[in-house]
Every structure is written in C-alpha cells, then in structure tokens.
Amino acid sequence: MSARRRGEMPDGAVPDGAVPDGASNDAASDAGHDADDALHSTRPLPQRPSRAPRWVRSPATRRRVGAALSGLCGLTASLFAALHLSAALGGTPALSVWWAALAWTFVATGLPLVLAETTPRAWRWLAYVGTGIAWLLVVLSPPLLSDDVWRYFFEGRLSASGIAPLLYPPTSPKVADLSAGLLTHINHPTMPGIYPPAAQAGFLAHAALGGALWTWKLMLLTALLSTCWLLARAGRPRAALALGLHPLPVIAGGGAGHLDVLGLPLLCGALLAIGAQRWWRAGAALGVAAGLKLFPLGLALAAALGLRSWRRIIPFGSAALVLCALYLPWWWSGMPSGGSLGTYSIQWTYSGVPFRLLVEALTLVLRGLGVPDAWPHPDDLWRALMVGRVDSEVVWLDRRELAQLVARIAAALGVAAGALWLAGRCQPVALLHGTLLLAFWLSPVVHPWYMVWLLPGALLLRDPVAWGWCATVVFAWWAPAASHDGLGWADPWWAGALAISGALMGAVVLARSEGTWLSGGTPS
C-alpha cells in the first residue's frame, strides 16, 4: 500500500460519513478533515486496506442513487406531513403516520451516504423542499404520538403566575384555573412535574410569547437550525445538511413538541468545545443541558475521566456550577426541585429491551435463590433497621419488582464501568458519545425522542451504531400510535426489538471497520 499523508483518505473511501461529496467537493472534504483533526489526537491513524464498495466508488451509480433517494426523501417527507396533519385532526389513523415515518426515516438515513455535488440540483431540492413542507405542516398541526407538550404549557402557566412549577399536580384545585383547557390532555395528571430549571425557563418563555402551540414548535425549529449553523461553522457542512434533513427532529420536535430538541445546540456545542479543548465552555454547555434533562451532568463527569491532571475537574466543575446556579433561585425560595422525578426514575419502563432482558434474568436468579415473593421496599427496610420494627405502612415488592430495582442499580454500575473503559481507549469527544450511547442502551426508559441527543455525536464521529439506532427507533412509536387509534396502550417486545435493530446492525459495521471512534482514531 502506498504511503499517504495524514488527513488523506483511502481511495474510494467516504470522506465525511454523514453526507459525503463527490470528487469535485475538495474544499468541503478538507474542511471536514480539519474538523476531524480537532476532534481526535495526532497519533498515526490505522490505514484501511480494503476498497470501498463499487456502488460508492462509481460516480455514475452514486449520482443515480443519490437522485432517486432525494426524490423519495421529498416524497415520503411530504406524505408523512400530510398524514400527520390529517391524523392530528382526526381524519386518518395514527398508524398510517407511523408507517410513513418509517419509510421517510429509512430513506433519509441512507440519503447522506450517497448525496454528492454531482447529484442533479433539481433532485437534491426535492429532498430540501419535502423536509421544509414536513416542518411547515407539523408546526401547524396539533401534537400527535405524545401529549407531553400540554404539561409543558401547564407548568409554563404556573411559572408565569409566580407559582412553583413542581409544587402542584394539574388536578390540584388550587391551580384549576391554570389547568383549564389542558387537564384532559395531560398524562398522569395527579403527579407534579419533573423538569429542571432550564426547561422551566423555556416553558416560561413560551408562556410569555403567548402560549400558542406553533410558538413552541418554532422555538424547537430554531434550536435545530442553530445546531446546523454550529456544525457548518465548525467546517462540517455535510453534517449540518444531514441533521437538517433527518426526520427524527421533525417527528419528535415538530410533530410531538418534545423539548429534547432544545438540547441539540447545547450538546453539539459541548462536543465541539471539547474537540477544541475549551473545557470551561464545554462544561457550561453541559450544565445548561442538564438544566433541560439531568443526564448531561453525568456526561460532564465522564468527560473528566478522559482528562489528565488538574484539567479533569474543569468540565464537571463548570457544569455543576452552572446547574447549581440554575437551581439556586429554587433553593433560595424553598421551592420544590424534584417533583415526581423519584417516582419516574424508579417505576417507569418503556421499550428498553436490554433492560427488560436483564430484569427477566434477575427474576429467574432470585427465584432460583429462593428469595421470597414479598420484599420490603429499600426505603422501608432501612427505616425498619433503624427503628427496630416493620411499619404497618411498609411497601412490599414482589420478586419481579425487586428484580427491576436490582436491574436499575446494575445498569447504573454498567454505565459507570463502561465510561471508565472508554476513558482508557477513546478521545474525550468519543468518550462522551459512547457514554451516552451506553446509558440509553441500558436505560429502562428509551422513548424514541431521546435518540435526538445521539445525533450530534453520530454525525461528528460518523458512528454507524447511533446513526442506525436513530433510524429504527421509529418502531418504538408503535405504542402511542396504536393507543391513539383506540387499540390500547401496549409495549410489545417486537417493537422494542425492531427499535434497537439499527444499533445492532451499526455495531456490526463498527466492528468490521478500522480507525473508528471506538479505537481512538478517525473513522474511515
């Protein structure tokens, strides 16, 4: 094999993994390599001996495939948007939207792999226009496949009225005037909320802007476009295009209104800052992201594991300081800061097939060990040990509930062990992405909109595992679609298994590749 300078690609290899260009796009390719150099170390990279498949190397074939997938992307995006609007208004079944979402996601996942400058402009514009139509129609339609957005609006009303947003559940008579018009749409209305201060600030901003549904969805679209701008500014225009064309932010944000899309620019900014070794900036971004959902604070701790000497305290320290600053007004005024978070983290499960398999295995083990089928809850057991007697109000767990509790502890320990293992072989950017990927893999709750958080790392590191998972996770929307059509709520094994099938296929691709993010190199 002939020697190559660092930064040159093997003959026929795909340059940016997210949206590769043809031979004519040399400037964009160089920019992508420069960004990669900022994300990885300067040690020699392993060379890839095999040539790319012929359908990737052939410009004519690639041009035809790119044109065909661009047209299909525009068609399926428009079909999804039309069916989504019709189903939200009660005209068509929600399961038809689910099928359209599957078709669109599969096409859009493959499109970035073949889209190039040589693809005819008219065909490329079909994909752009179709995605734009999808955003327009879902912004104008009521939410479908989820009702979380109504709780956002209720808690925004509480904050705008000067009431602690986590103090009262929607059914409380004390806030009956604020829950009017929303109560019938809110899930688990007898429980107070769980969202941290940065999320509540977003809800308050939405209430201040009038509280209209389309206003909230435009806020989410702005967050997505900001993330695309960050990627383009960092020299990754093809990654920015791939993110803009991806259906998951449209379905999760525009369609269902989930606040996870707000975390995209924060996590992307943190990854880019870590790649540039700007540790304070990365920690601050993760701290604000933890104010939306708490798990990015764990990513800041994982980032500290990948650093040496005193620098390891910077990402976690700055993230913790920012998060504490966000919580400080709540603590100072005595406002509740947890809500129903404890109940949610202990009792909720959804779609997490690896976790469910772990629970089944632990149930068999506990049965084999002769563990009784009635076991005090750990809180009550500890209280009984302290006072020397069992309270009459004790909560008893059956064997399966005990297995779920043990599985949650084992999953947390597994994520910690995985982060330590990754810290010894990956660069900091890959460490954060790998830790997040492992956390979602072992989580008892894997809602499909959670996968939005994986997109920045999937694009920056060209990770086939996360990219594949973000495609097949749409299967996990089967339960809300079936429930919307009156078929009852169910969390079937087959939907969960299909939802993670893309991650498994991506893991095979990752294992067969050299110079990947997992081995500490730049993916080829």
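Cut-off values and rules
- Residues numbered from 1 in each chain as written.
- Predicted model: local features only at pLDDT ≥ 70, side-chain atom pairs only at ≥ 80, totals over all residues.
- Heavy atoms only, no water.
- Helix = DSSP H or I, 4+ residues; strand = E, 2+ residues; numbered from the N terminus.
- Buried < 20%, exposed > 50% of the residue type's maximum accessible area, 1.4 Å probe, protein only.
- Contact = heavy atoms within 4.5 Å.
- Areas by Shrake-Rupley, 256 points an atom, 1.4 Å probe, with all protein chains shown as cover.
- Core = buried A, V, L, I, M, F, W, Y, C linked by side-chain atoms within 4.5 Å.
- 1 Å grid on protein atoms, 1.4 Å probe; cavity = no way out; pocket = protein on both sides within 12 Å on 5 of 7 lines; lining within 4 Å.
- Points joined across faces, edges and corners; volume = space filled by probe spheres on them.
- Nonpolar A, V, L, I, M, F, W, Y, C, P; charged D, E, K, R; others polar.
- Axes fitted to C-alpha atoms, helices over the stretch in contact; angles between N-to-C directions.
- Parallel < 35°, antiparallel > 145°, perpendicular 65-115°, else oblique.
- Left-handed = near helix turned anticlockwise from the far one by under 90°.
- Phe/Tyr/Trp six-rings, centres within 6.5 Å; stacked < 30°, edge-to-face > 60°.
- Salt bridge = Lys/Arg side-chain N within 4 Å of Asp/Glu carboxyl O.
- Polar contact = N/O pair within 3.5 Å; in protein donor to acceptor, adjacent residues only side chain to side chain.
- Expected span 1.5 Å × (residues − 1).

Asks: So what's going on with the overall build of the protein chain? Which residues, and what values?
Replies: Helix and strand counts for the protein chain come out as 24 helices and two strands. Considering the protein chain as a whole, with its 524 residues, one finds that 52% of them fall into the buried category. For the protein chain, restricting intrachain contacts to residue pairs at least 6 apart in sequence, the fraction spanning at least 24 positions comes to 76%. By element, 66% of the accessible surface of the protein chain is carried by carbon and sulfur atoms, the whole surface being about 22,600 Å².

Asks: I'd like a description of the nonpolar core, backed by residues and values.
Replies: Most often, soluble globular proteins keep nonpolar side chains buried together rather than apart. Among the nonpolar cores identified, the biggest contains 126 residues, and M451 and W469 are the most heavily contacted of them. Core analysis: the next-biggest nonpolar cluster, separate from the first, contains eight residues, V359, V371, A403 and A407 among them.

Asks: Run through unusual backbone geometry, naming residues and quoting values.
Replies: Although it is not a glycine, L145 sits at a positive phi angle of roughly 70 degrees. Structurally, L145 is set in the loop between α5 (121–140) and α6 (148–160). Its identity is not glycine, yet S351 carries a phi of approximately 65 degrees, on the positive side. Checked against the element boundaries, S351 lands in the loop between α15 (341–347) and α16 (353–368). A relative accessible area of 5% means that S351 is categorised as buried.

Asks: Please set out empty space enclosed by the protein residue by residue, giving values where relevant.
Replies: Regions of empty space are outlined by a rolling probe, equal in size to a water molecule, passed over the atoms. Overall, the coordinates contain two cavities of 30 Å³ or more when judged by the stated rule. For the largest cavity, the calculated volume is near 50 Å³. Around the largest cavity, the lining residues are S351, G352, V353, P354, F440, W441, V446, W469, V473, A499 and I500. Secondary-structure elements contributing two or more residues to the lining of the largest cavity are α16 and α19 (428–442). Approximately 40 Å³ is the volume attributed to the second largest cavity. Of all elements in the fold, only α11 (264–275) and α19 reach the threshold of two or more residues within the lining of the second largest cavity. No other element matches the three residues that α19 contributes to the lining of the second largest cavity. Grouping the amino acids of the lining of the second largest cavity by side-chain chemistry returns seven nonpolar, two polar and no charged.

Asks: Explain the packing of α11 against helix α12 (residues 279–290) residue by residue, including any values.
Replies: One way to put it is that α11 packs onto α12 with a least axis distance of 8 Å and a crossing angle of 160 degrees. Here α11 is positioned roughly antiparallel relative to α12, judged by the angle of their axes. The chirality of how α11 crosses α12 is left-handed. Residues L266, L267, A270, A273 and I274 of α11 form the contact with α12, whose participating residues are W279, R281, A282, A285, L286, V288 and A289. When the residues that make up the contact of α11 with α12 are grouped by side-chain class, the tally is 11 nonpolar, no polar and one charged.

Asks: Which residues make up the packing of aromatic side chains, and what values do they have?
Replies: The full count for this structure, using the stated rule, is 22 aromatic pairs. Summarising the aromatic geometry, the rings of W98 and W494 are spaced 6.5 Å apart at their centres and angled 80 degrees between planes, so their arrangement reads as edge-to-face. Of the two residues, W98 sits in helix α4 (residues 94–114) while W494 sits in helix α23 (residues 493–499), which places them 396 residues apart along the sequence. Note on W449 and W477: the rings are 6.3 Å apart at their centroids and 45 degrees apart in plane angle, and the pair reads as tilted.

Asks: A description of helix α24 (residues 501–511) should follow, citing residues and the corresponding values.
Replies: Among the residues of α24, those classed as buried are S501, G502, A503, G506 and L510. At its buried positions, α24 is contacted by α19, α21 (464–472) and α23.

Asks: Explain the pattern of salt bridges to me, using residue names and the numbers behind them.
Replies: Taken as a whole and assessed by the stated rule, the structure comprises four salt bridges. The partner of E360 in a salt bridge is R400, with the nearest N and O atoms 2.7 Å apart. Residue E360 is found in helix α16, and its partner R400 is found in helix α18 (residues 399–423); the two are separated by 40 residues along the sequence. Judged by its relative accessible area of 31%, E360 falls in the partly exposed class.

Asks: I'd love a proper account of the side chain of S318, names of residues and values included.
Replies: With respect to the element layout, S318 can be found in helix α14 (residues 313–333). A relative accessible area of 4% means that S318 is categorised as buried. At 2.8 Å, the side chain of S318 forms a polar contact with the backbone oxygen of I314.

Asks: Outline α12, listing residues and values.
Replies: The end-to-end C-alpha distance of α12 is 16 Å, a good match for the 16 Å that 12 residues give at a rise of 1.5 Å each. Of all the positions in α12, only W279, A282, G283, A285, L286, G287, A289 and A290 are classed as buried. On its buried face, α12 sits against α11, α13 (296–305), α14 and α19.

Asks: I'd like to hear about the side chain of D148, residue by residue, with values.
Replies: On the secondary structure map, D148 appears in helix α6. Here N187 takes part through its side chain, which lies 3.1 Å from a polar atom of the side chain of D148. If near-sequence neighbours (up to four positions away) are discounted, D148 is found in contact with N187, Y195, H258 and W449.

Asks: Break down the packing of α11 against α19 for me, citing the residues and quoting the values.
Replies: Angle between the axes and distance between the axes are the two parameters that describe a pair of packed helices. Contact geometry for α11 and α19: axes closest at 8 Å, N-to-C directions at 145 degrees. Mapping the contact onto sequence places L267, L271, I274 and G275 in α11 and P428, V429, L432 and L436 in α19.

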